[in-house]
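What the coordinates show
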Amino acid sequence: MSLETYGGLAAVTNLRRPPLVLDTVTLPEDAAAELARLVAAADSTPGEEPDGRARDAMSYTITVEEGDRATVLEQSDGAMTPAFATLLTWLRKHFARQ
């Protein structure tokens, strides 16, 4: 699983930043189950259309790879579903602990 962040006021500094990568195999069982629930919820909730007012909003791409299948979830601060926000918060907390 990977998290890419781009855009916003700091777009130039984010250009060279590699995506954050999480090897879900190494997660404890309860954390892996919680993450799977969050991904399923974010994937099943349709994204919102940006209204164009937040031109400097950050955008996020979360890529989940399972075998030969990849699920790509993309949203921005200008149009983010609650389910995507919850997943993004979980990932940020996890990466902050590393």
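Look a little higher up for the structure.
As a starting point, this report considers the structure included with it.

Procedures and definitions
- Residues numbered from 1 in each chain as written.
- Predicted model: local features only at pLDDT ≥ 70, side-chain atom pairs only at ≥ 80, totals over all residues.
- Heavy atoms only, no water.
- Helix = DSSP H or I, 4+ residues; strand = E, 2+ residues; numbered from the N terminus.
- Buried < 20%, exposed > 50% of the residue type's maximum accessible area, 1.4 Å probe, protein only.
- Contact = heavy atoms within 4.5 Å.
- Expected span 1.5 Å × (residues − 1).
- Core = buried A, V, L, I, M, F, W, Y, C linked by side-chain atoms within 4.5 Å.

Check the secondary structure of the chain and you find 3 helices and 4 strands. Listing each helix as α and each strand as β along the chain from the N terminus yields β-α-β-α-β-β-α. Looking at the chain as a whole, 36% of its 98 residues qualify as buried. A sequence separation of at least 24 residues applies to 62% of the contacts in the chain between residues at least 6 apart.

With 16 residues, helix H3 (residues 82–97) ought to run about 22 Å at 1.5 Å a step, and its terminal C-alpha atoms sit 23 Å apart, in line with that. Buried residues in H3 make contact with strand S1 (2–7), strand S2 (20–21), helix H2 (29–44), strand S3 (58–66) and strand S4 (69–76).

Counting residues in each nonpolar core, the largest one holds 22 residues, and the members touching the most others are Met1, Leu22, Leu35, Ile62, Leu87, Trp90 and Leu91. For isoleucine 62, the contacting residues outside a window of four places in its chain are Met1, Ser2, Leu3, Thr71, Val72, Leu73, Phe84, Leu87 and Leu91.

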